[in-house]
Amino acid sequence: MSTSSFDKIYSDYSRLVYWAAYRVVAQNETAEDITQQVFERAYLNMDKLEPLADSQIKSWLYRVATNLALDHVRHAKHEQLSDEPVGAEIADTEPLPEEELLKKKRMEAVRKAIEGLDETNRTIITLHYFSEMTVNEISEKTGISPGTIKSRLVRARSLLADMLKAEAAE
Amino acid sequence: MKKERKIELVTDDFIEPPGEELNGEQAEIDALLRAVADDCSNEIDFEGIKLRAVKAAEAKKAKRGRLRRALGYGMAAAASLVVGLFVWQAVKGFSGVPKGSAVDAEVPNQENSGLTKNDPVADAAVYVGTVSDDNYKVLFDSADELFPENLPDTMKREVDTEELKTMATGTDMRGSQLDYVCSVKTGKLDNLNVGEARSEKDSEGYWYYWQINEDHYLCAHFMGFDRGSAEEMFKSLANRIAENR
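Bear in mind that the values here come from a model prediction, so they are computed numbers and not experimental data. (Residues numbered from 1 in each chain as written. Chains lettered and ligands numbered in written order. Predicted model: local features only at pLDDT ≥ 70, side-chain atom pairs only at ≥ 80, totals over all residues. Heavy atoms only, no water.)

The helix and strand inventory of chain B stands at five helices and eight strands. Along the chain direction, N to C, the helices and strands of chain B fall in the order α-α-α-β-β-α-β-β-β-β-β-β-α. Burial analysis of chain B (245 residues in total) assigns 38% to the buried set. Looking at chain B alone, contacts between residues at least 24 apart form 57% of all its contacts between residues at least 6 apart. Of the roughly 13,700 Å² of accessible surface on chain B, a fraction of 53% belongs to carbon and sulfur atoms. (Helix = DSSP H or I, 4+ residues; strand = E, 2+ residues; numbered from the N terminus. Buried < 20%, exposed > 50% of the residue type's maximum accessible area, 1.4 Å probe, protein only. Contact = heavy atoms within 4.5 Å. Areas by Shrake-Rupley, 256 points an atom, 1.4 Å probe, with all protein chains shown as cover.)

It is worth spelling out a nonpolar patch on the surface at this point. Residues V83, F86 and V87 of chain B make up a contiguous nonpolar surface patch of roughly 300 Å² in combined accessible area. By the element assignment, F86 of chain B lies in helix 3 (residues 46-92). (Patch = residues over 30% accessible without salt bridge, like charges linked within 9 Å, V, L, I, M, F, W, Y side chains within 5 Å. Salt bridge = Lys/Arg side-chain N within 4 Å of Asp/Glu carboxyl O.)

A few words on the nonpolar core. By size, the foremost hydrophobic cluster in this structure holds 59 residues, and its most contacted members are V38, F39, L61, I125, F130 and L160 of chain A together with L33 of chain B. For this core, the element with the highest residue contribution is helix 1 (residues 3-25) of chain A, accounting for twelve residues. Counting residues domain by domain, this core receives three or more from each of domain 1 (3-75) and domain 2 (94-169) of chain A. (Core = buried A, V, L, I, M, F, W, Y, C linked by side-chain atoms within 4.5 Å. Domains from an automatic or database assignment.)

Moving on, we come to the packing of helix 7 (residues 135-142) of chain A against helix 8 (residues 146-169) of chain A. Geometrically, a packed helix pair is captured by the angle between its two axes and the distance between the axes. Residue and element names in this part refer to chain A. Contact geometry of helix 7 with helix 8 gives a least axis separation of 9 Å together with a crossing angle of 110°. With respect to each other, helix 7 and helix 8 are oriented roughly perpendicular. Crossing handedness for the pair helix 7 and helix 8: right-handed. Here V135, N136, I138, S139 and T142 of helix 7 come into contact with helix 8, specifically with P146, I149, K150 and L153. (Axes fitted to C-alpha atoms, helices over the stretch in contact; angles between N-to-C directions. Parallel < 35°, antiparallel > 145°, perpendicular 65-115°, else oblique. Left-handed = near helix turned anticlockwise from the far one by under 90°.)

In this section: the confidence of the model for chain A. Residues and elements named next belong to chain A. Per-residue confidence for chain A gives a mean pLDDT of 83, with 86% of residues at or over 70. Across chain A, the secondary-structure element scoring lowest on mean pLDDT is helix 5 (residues 98-115), at 84, and the one scoring highest is helix 2 (residues 28-44), at 93. In the predicted structure, residues 80-92 sits below a pLDDT of 50 and forms 18 contacts with residues beyond four places in sequence or in another chain. (pLDDT = per-residue confidence, 0-100.)

Here the focus is helix 8 of chain A. Since one α-helical turn is 3.6 residues long, residues separated by three or four positions face the same way. Over its 24 residues, helix 8 of chain A runs 35 Å from end to end, which matches the ideal 34 Å to within 8%, given 1.5 Å per residue. Taken together, the buried residues of helix 8 of chain A touch helix 5, helix 6 (119-130) and helix 7 of chain A together with helix 2 (24-42) of chain B. (Expected span 1.5 Å × (residues − 1).)

What follows concerns helix 2 of chain A. End to end, helix 2 of chain A covers 25 Å across 17 residues, agreeing with the expected 24 Å (1.5 Å per residue, within 8%). Burial analysis of helix 2 of chain A places 13 of its 17 residues in the buried class, which makes it a mostly covered element.

Moving on: the pattern of salt bridges. Per the stated rule, a full pass over the model turns up 18 salt bridges over all chains. With a closest N to O distance of 2.5 Å, R74 of chain A and D71 of chain A form a salt bridge. In this pair, R74 of chain A and D71 of chain A are both assigned in helix 4 (residues 54-75), three residues apart and thus about one turn of the helix distant. In this structure, E149 of chain B and K60 of chain B form a salt bridge, with 3.2 Å as the shortest nitrogen-oxygen distance. Of this pair, E149 of chain B sits in the loop between helix 4 (133-139) and strand 3 (156-160) while K60 of chain B is found in helix 3, placing the two residues 89 residues apart along the sequence. Through salt bridges with shared partners, one network takes in R15 and E132 of chain A together with D38 of chain B.

All right, on to unusual backbone geometry then. The backbone phi angle of A26 of chain A is positive, close to 55°, even though this residue is not glycine. Of note, A26 of chain A is situated in the loop between helix 1 and helix 2.

For the rest of this paragraph, the subject is the confidence of the model for chain B. Residue and element names in this part refer to chain B. Overall, the predicted model of chain B reaches an average pLDDT of 72, with 68% of residues at or above 70. Element-level pLDDT for chain B is lowest in helix 1 (residues 2-10), with a mean of 38, against a maximum mean of 90 in helix 2. For the stretch residues 94-121, pLDDT sits under 50, and the model shows 53 contacts to residues farther than four places along the chain or on other chains.

This paragraph deals with the side chain of H221 of chain B. Residue and element names in this part refer to chain B. Structurally, H221 can be placed in strand 8 (residues 216-223). When its relative accessible area of 6% is taken as the criterion, H221 is described as buried. Among the polar contacts made by the side chain of H221, one reaches the side chain of W207 at a distance of 3.4 Å. Among residues more than four places away in sequence, those in contact with H221 are D179, Y180, V181, D202, E204, G205, Y206 and W207. (Polar contact = N/O pair within 3.5 Å; in protein donor to acceptor, adjacent residues only side chain to side chain.)

At the junction of the two partners, chain B supplies 40 residues and chain A supplies 50 residues. For the pair chain B and chain A, the summed buried surface comes to about 4,200 Å²; carbon and sulfur atoms form 61% of the total. Counting across the interface, chain B meets chain A through nine salt bridges. The residue E32 of chain A makes a salt bridge to R52 of chain B at a minimum N-O spacing of 3.8 Å. At the boundary of chain B with chain A, the tally comes to 17 residue pairs in polar contact (both at pLDDT 80 or more). Among the secondary structure elements, those contributing two or more residues to the side of chain B that touches chain A are helix 2 and helix 3 of chain B. For the side of chain B that touches chain A, the leading source of residues is helix 2 of chain B, giving 14 residues. Considering only residue class, the side of chain B that touches chain A consists of 18 nonpolar, three polar and 19 charged. (Buried area = accessible area lost by both parts, 1.4 Å probe. Nonpolar A, V, L, I, M, F, W, Y, C, P; charged D, E, K, R; others polar.)

What follows is the structure, given as structure tokens:
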């Protein structure tokens, strides 16, 4: 196995895997654990992954991440899960410079607005912007046509703009 | 050249750069979402996750290597025993192997009706471990435990809790059919002592039998897998179940 191959796969797809897991579990720490497990499997299966095309590797990683995240949700359904507020993991007790503070506030506001979208729109926005998936890739994963994905993206962006305006006006 | 450029421009397979297709409010939100997605991603310790993943994978590889070596030694010892018994019996003028012993290469029970009878390939039994009567019900309560940890993720899984049976079906990365069936049955196999396991090959794949205690045995059938993969998965399964006692 080539370490540089693993490094490249990790560098190219760790963000995709993390946000694919986060979309299902909605918890920072759990999404990190799942990302670790996915790449642990990738490392152990590098001899099988190396001959594959990039799109196949990407698809495999996404599928494993989603399956592990769904497994986690299934196994945790009887447990009392903490209802982690959106953006809680980025809260900081240290005083921040004004620029950083604005950035944090912007992140929290946008993430809160995304959480306010319905599930389909939230999924499309998360996969497109956070997991950096193309319209065609989202279509493949969700079974929704590329044209519908595009129109939903437009609609979701409009909804987010309205939510953020309303938030700013408060 | 022109044709290629045209195809590239009409394809959906790209992320629209801000300002080219979008304008006004749409472009602003698009840029904001990209910036926030980058900021949020930058907050994640990806380097730490990578180090932990590699460390865990290396530990798992080392553990598998130790288990493989241990089982290899066990197989070698069992093979020596077979040879020793054969020589001893030959010297004594006895040509057969006592039925029901760990070296019996005949099919052990009705589970083997599908085996290629003219060419049975059976390994010598090796000690794997036991599961106590008291704990076995608890251990297999969900039957989820009957899936090897390293079963390919591409396989669709089904669990039959009442029958203590799990099934998985799917294809490998090259599209070849893979099937896996594992169950726990009541009974004592003739040719296995408690804690021992053996494998057999048939036309579809590999069978693994494991007498987990006096009254129950585990049967796993790997179809479409090569011998190495089947063995690794059975070892993983047995190792986890034995560890969980």
